[in-house]
Amino acid sequence: MMDWASGDLYKQQFDIVFHLKCKEINRIYGEESLEEILSYSCSLKSDQISQVLQEKPEKMLFIVDGFDELRLPQDDHLKSLNTDLNERAPPEVTLCALLRGRILPESSLLVTTRSTATDTLSKLLKWPQGFTEIMGFSSEGVQKYFQGFYRNEESFRKAYEYVKANETLLATCSIPVICWIICTVMRERFSDGSDLTSGLETTTSIYADFVSTLLEHHCQGLSQPVPLLRSLGQLAEKGMLEQQVLLDEKMVYETVADPAGNPFLSKFLFKRRIHQETMFSFMHLSFQEFFTALYYVSLDEKEFEEKFTEVCLKGRFAAVVKFLFGLMNEDTQRTLKRKHGVCVHPNTQNILKDWLYKQRDSLEILRHLFELHEESFVKEVLNEKSDVSVQFRPLGRADCWALLYCGQCCQSIKQLRLLRWGLTSEKLVVILPVLHKFEELKMKAESYSDMAAVINAVLRGRTLRSQRVNIKGPLVNCKRFNPALREGIGRLIRRSSVNLSISKELSRLSAGSPSPTPPPGNWIHSISMTMLTRAWELM
């Protein structure tokens with residue numbers, strides 16, 4: 001919005017830009033028109049907003065921030081969304097009417113959301129629509145952030161070198177809030193003289209260490225750790241169940257002692273029409289989810305099972321479930337018990353294990369196993385599976401690390417099928433060390449160069465000699481190639497799918513070693529692969 005207001009972005013495209021925060025819309029009760037909803041977050045007067053909405057909707061941009069935090073209406077409300085700009089309805093229904101294009105269909109929308117809510121958003125959002133994934137900090141961005149955080153050159157160099165040496169930790173730092181947490185934890189460890197990155201392996205371990213650091217150094221004078229953590233967990237759960245990120249002052253004071261002095265909570269003023277209210281929120285939504293999980297694992301077996309059964313039915317609790325698995329890690333449990341007196345019931349892990357056996361989504365299983373980070377548990381669960389298949393969602397960078405870890409722990413998985421576009425060369429580098437463990441590989445590459453990278457990895461002998469590999473790439477027009485190459489590879493390119501049957505002879509051939517006369521099929525295939533790879537390199 002600042003770039004637009006400064007004339008640096010979309011200057012000619014939009015005459016006015018509105019910013020709507022979903023977490024604030026959740027706090028609006030009763031029935032409201034779009035004009036009334038905008039008055040909560042806009043400095044324009046009601047009559048001015050009304051006039052603006054009537055003029056040139058095609059020159060209007062709505063930025064809808066945090067769709068994943070929106071309290072969505074029931075399906076029957078979505079089927080009968082209003083088309084009248086001035087009609088009043090529950091705020092979330094009015095917003096959904098805007099998103100679907102039932103009101104102001106000519107206007108433009110820019111919606112931010114967590115990736116967990118993209119499927120829901122795509123079904124609701126009007127067309128045409130497009131999705132862009134914000135990848136977070138690059139490696140250079142992480143370095144720049146560390147430098148700005150520490151200021152002191154020596155501290156910056158020492159901290160960054162430690163993180164840079166740990167590829168998993170460096171990848172985790174691409175998420176800005178986690179990068180900040182890691183920097184904070186390491187700054188405290190500088191003064192303690194302890195190992196800078198010890199125990200920082202998963203998202204849960206990073207959050208648990210951060211909470212321990214704040215309890216030890218910044219919660220002096222507050223209640224004892226167990227009552228404090230329990231009260232924060234109860235408050236977090238209340239907000240999760242009510243789908244609220246902004247929490248009422250009354251509810252917060254009834255649950256948490258001295259919330260204004262609590263480092264995990266943020267206090268601010270929330271604008272009403274003619275007055276302001278004091279509200280609280282956790283420093284980040286992820287902390288609300290973490291404290292909810294921490295509260296659940298502190299319950300006895302019966303209470304935990306009841307709570308867990310309830311949250312599994314709610315899609316918005318996916319991050320809570322992920323934290324639950326992370327809190328089952330033995331080292332994390334020991335730390336929580338030793339430092340804060342939080343005891344996990346012995347049967348809690350079995351409840352989670354039984355639930356995981358019933359899951360069919362391979363990607364979710366891998367994510368939870370990586371978060372738990374217990375090799376024996378990984379082997380036990382994956383011994384029941386013969387294949388890993390990712391079909392309905394792209395493979396993210398964090399998913400690649402989960403696949404790498406689980407592949408290193410387990411020998412029983414025979415098939416790996418990555419059947420959604422999105423396998424880039426960067427992601428391939430992460431999972432490359434375990435590709436040889438799978439007898440059958442089926443992949444879809446993002447681009448021709450990425451497809452070539454997969455082929456090169458196979459032909460260089462990094463996979464099993466008996467391995468069956470199918471690599472599918474995007475369709476390509478052969479006219480883009482050098483005319484001399486068209487005739488030899490045109491048929492193969494148009495098919496945009498490469499089947500490799502790795503034999504002993506081909507493995508030796510790709511490694512450059514002498515080979516007896518190979519079977520004609522293998523020989524022709526190896527030449528085709530060489531030509532194909534070279535063609536992509538020349539594009």
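All values derive from a computational prediction rather than experimental measurement.

Here is what the cut-offs are and how they apply
- Residues numbered from 1 in each chain as written.
- Predicted model: local features only at pLDDT ≥ 70, side-chain atom pairs only at ≥ 80, totals over all residues.
- Heavy atoms only, no water.
- Helix = DSSP H or I, 4+ residues; strand = E, 2+ residues; numbered from the N terminus.
- Buried < 20%, exposed > 50% of the residue type's maximum accessible area, 1.4 Å probe, protein only.
- Contact = heavy atoms within 4.5 Å.
- Areas by Shrake-Rupley, 256 points an atom, 1.4 Å probe, with all protein chains shown as cover.
- Polar contact = N/O pair within 3.5 Å; in protein donor to acceptor, adjacent residues only side chain to side chain.
- Phe/Tyr/Trp six-rings, centres within 6.5 Å; stacked < 30°, edge-to-face > 60°.
- Core = buried A, V, L, I, M, F, W, Y, C linked by side-chain atoms within 4.5 Å.
- Salt bridge = Lys/Arg side-chain N within 4 Å of Asp/Glu carboxyl O.
- Pairing = 2+ DSSP bridges.
- Axes fitted to C-alpha atoms, helices over the stretch in contact; angles between N-to-C directions.
- Parallel < 35°, antiparallel > 145°, perpendicular 65-115°, else oblique.
- Left-handed = near helix turned anticlockwise from the far one by under 90°.
- Nonpolar A, V, L, I, M, F, W, Y, C, P; charged D, E, K, R; others polar.

Just checking my understanding: could you explain the overall build of the protein chain for this structure?
Counting secondary structure elements, the protein chain contains 27 helices and 11 strands. Expressed as a percentage of the 539 residues in the protein chain, the buried residues total 48%. Across the protein chain, contacts joining residues at least 24 apart in sequence account for 71% of those joining residues at least 6 apart. Here the protein chain has roughly 27,100 Å² of accessible surface; of this, 49% comes from carbon and sulfur atoms.

Got a minute to help me understand the side chain of Lys126 in this structure?
As for its position among the elements, Lys126 is in the loop between α7 (118–124) and α8 (139–150). A distance of 2.9 Å separates the side chain of Lys126 from the backbone oxygen of Pro105, its partner in a polar contact. Setting aside chain neighbours within four positions, we find Lys126 in contact with Leu99, Arg100, Gly101, Leu104, Pro105, Ser107 and Leu109.

It is not clear to me how the packing of aromatic side chains should be interpreted in this structure. Could you clarify?
Note on aromatic pairs: each is described by the distance of the centres and the angle between the planes. Scanning all chains against the criterion turns up 23 aromatic pairs. Here the aromatic rings of Tyr10 and Phe14 are separated by 5.4 Å at their centres, their planes lie at 80°, and the arrangement is edge-to-face. Here Tyr10 falls in the partly exposed class, since its relative accessible area comes to 40%. According to the relative accessible area criterion, Phe14 is buried, its value standing at 4%. Look at Phe304 and Phe308: their rings are 5.7 Å apart centre to centre, the planes differ by 10°, and that puts the pair in the stacked class. With Phe304 and Phe308 both in helix α16 (residues 301–312) and 4 residues apart, this pair spans about one turn of that helix. What makes Phe304 buried here is its relative accessible area of 1%.

How should I be thinking about the nonpolar core in this particular structure?
If you look at soluble globular proteins, the nonpolar side chains tend to sit buried side by side. Formed by 102 residues in total, the largest nonpolar core has its most connected members in Phe146 and Phe291. Apart from the residues lying within four places of it in its own chain, the contact partners of Phe291 are Val211, Leu229, Leu232, Gly233, Ala236, Phe264 and Phe282. By size, the runner-up hydrophobic cluster in this structure holds 33 residues, among which are Ile16, Leu38, Val52 and Met60.

Just checking my understanding: could you explain unusual backbone geometry for this structure?
Trans is the prevailing form of peptide bonds, just as negative phi is the prevailing case for residues other than glycine. The amide bond that connects Trp127 to the next residue, Pro128, takes the cis arrangement and shows omega of -5°. Tracing the sequence through the fold places Pro128 in the loop between α7 and α8. With phi around 65°, Arg151 is a residue other than glycine that occupies positive phi space. On the basis of relative accessible area, Arg151 is assigned to the exposed category, the value being 71%. Despite not being glycine, Gln243 shows a phi value in the positive range, around 55°.

Can you walk me through the side chain of Asp68 in this structure?
Along the chain, Asp68 turns up in the loop between β2 (60–65) and α5 (75–79). Taking relative accessible area as the criterion, Asp68 reaches 15% and is therefore assigned buried. A polar atom in the side chain of Asp68 sits 3.1 Å from the backbone nitrogen of Arg114. In contact with Asp68, not counting residues within four places along its chain, are Thr113, Arg114, Ala117, Leu285 and Arg316.

What am I meant to see in the pattern of salt bridges here?
Side chains that carry opposite charge are capable of pairing whenever their charged atoms lie near each other. Considering all chains together, one arrives at 13 salt bridges under this definition. Glu153 is the salt-bridge partner of Arg157, the closest N and O atoms lying 3.0 Å from each other. Placement of the pair is Arg157 and Glu153 together in helix α9 (residues 153–164), with a separation of 4 residues, close to one helical turn. Take Arg157: its relative accessible area is 39%, and that puts it in the partly exposed class. Residue classification places Glu153 among the partly exposed residues on the basis of a relative accessible area of 39%. The shortest N-O distance in the salt bridge between Arg334 and Asp331 comes to 2.3 Å. Of the two residues, Arg334 and Asp331 both sit in helix α18 (residues 330–340), 3 residues apart, roughly one turn of that helix. Taking relative accessible area as the criterion, Arg334 reaches 47% and is therefore assigned partly exposed.

Looking at this structure, how should I read the sheet that holds strand β1 (residues 16–21)?
Strand pairing in a sheet takes place through backbone hydrogen bonds and is either antiparallel or parallel in direction. Strands sit in the order β1-β2-β3 across an open sheet of 3 strands; the sheet is parallel. Each edge of the sheet is formed by a strand with only one pairing partner; in this case those strands are β1 and β3 (108–111). Put simply, the sheet's adjacent strands are angled 20° from each other on average, direction ignored.

Mind showing me how you'd approach the packing of helix α20 (residues 362–372) against helix α21 (residues 375–382) here?
Each packed pair of helices is defined by two parameters, the angle between the axes and the distance between the axes. Across the interface, α20 lies against α21 with an axial gap of 9 Å and an inter-helix angle of 160°. The orientation of α20 relative to α21 falls into the category roughly antiparallel. The two elements α20 and α21 cross, and the hand of that crossing is right-handed. Each of Ile365, Leu369 and Leu372 in α20 lies in contact with α21, whose residues at this interface are Phe377, Val378, Val381 and Leu382. A per-class count over the contact of α20 with α21 returns 7 nonpolar, no polar and no charged.

Would you explain the packing of helix α3 (residues 34–41) against helix α4 (residues 46–54) in this entry?
In contact at an axis separation of 9 Å, α3 and α4 are set at 125° when each is read in the N-to-C sense. Between α3 and α4, the crossing angle belongs to the class labelled oblique. When the axes of α3 and α4 are compared, the crossing they make is right-handed. Counted together, Glu35, Leu38 and Ser39 of α3 and Ser46, Ile49, Ser50 and Leu53 of α4 form the full contact between these two elements. In terms of residue class, the contact of α3 with α4 is made up of 3 nonpolar, 3 polar and 1 charged.

Looking at this model, I keep getting lost on the environment of Val211. Mind explaining?
You can see Val211 is positioned in helix α12 (residues 203–217). C-alpha separation for the pair Val211 and Ile181, spaced 30 residues apart in sequence, amounts to 9.6 Å.

Got a minute to help me understand the environment of Leu352 in this structure?
Relative to the helices and strands, Leu352 is located in helix α19 (residues 348–357). A residue is classified by how much of its surface remains accessible, and Leu352, at 1% relative accessible area, is buried. Sequence separation between Leu352 and Glu305 is 47 residues; the distance between their C-alpha atoms is 9.1 Å. If we ignore the near neighbours within four places in the chain, the residues touching Leu352 are Phe304, Phe308, Leu324, Phe325 and Met328.

In short, geometric facts, not functional conclusions.
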